[in-house]
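Survey of secondary and tertiary structure
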Amino acid sequence: RRRIIDRLAKYVAQEGHPFEQVVMEREAPDGTFSFLFQHDSAENVYYRWRTFAFSQGDNFKVWKTETFRICEGGAWWRPPPCEAAAERKARSTNFSSGPMLKASASA
């Protein structure tokens, strides 16, 4: 189910709110996209966060985990933990690898 929510959120972030409206007009309130009609459900909250996150440049595997407000004076949102971001942070070192230079072939 989360995969469906993620995909719809990505399309809505790209195409805008009118795309979401079209989906809601074509789908039954108790069908695959029922979370769109259940405004206080956990799936709807996740969908709203995911749509916002995609619109801010996050992707399917990595997203920002800091708390934020969608609008000034609005409610604080806390994204779910991002396992990929945690793994990336754990693997990082203080050493920087410079650009690799190709060996020149002598003829």
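Placed above this text is the structure.
Quick notes on the rules
- Residues numbered from 1 in each chain as written.
- Predicted model: local features only at pLDDT ≥ 70, side-chain atom pairs only at ≥ 80, totals over all residues.
- Heavy atoms only, no water.
- Buried < 20%, exposed > 50% of the residue type's maximum accessible area, 1.4 Å probe, protein only.
- Helix = DSSP H or I, 4+ residues; strand = E, 2+ residues; numbered from the N terminus.
- Arc of directions from axis to C-beta.
- Contact = heavy atoms within 4.5 Å.
- Salt bridge = Lys/Arg side-chain N within 4 Å of Asp/Glu carboxyl O.

Residues of helix H2 (residues 17–26) that are buried include every one of Glu20, Val23 and Met24, and no others. One face of H2 carries all of its buried residues, which in axial projection span an arc of 100°. Exposed residues on H2 whose side chains face more than 90 degrees from its buried face are Pro18, Glu25 and Arg26. Contacts from the buried residues of H2 go to helix H1 (2–15) and helix H3 (42–55).

If you walk through the whole model with that rule in mind, you get three salt bridges. In this structure, the salt-bridge partner of arginine 50 is aspartate 6, at a minimum N-O distance of 3.1 Å. Here aspartate 6 lies in helix H1 and arginine 50 lies in helix H3, a separation of 44 residues in the sequence. For arginine 50, a relative accessible area of 1% puts it in the buried group. Where lysine 64 meets aspartate 58, a salt bridge forms, and the shortest distance between an N and an O atom there is 2.8 Å. By relative accessible area, which is 9% here, aspartate 58 ends up buried.

It is worth spelling out the environment of glutamate 83 at this point. When you line up the elements, glutamate 83 lands in helix H4 (residues 83–91). With a relative accessible area of 65%, glutamate 83 lands in the exposed category.

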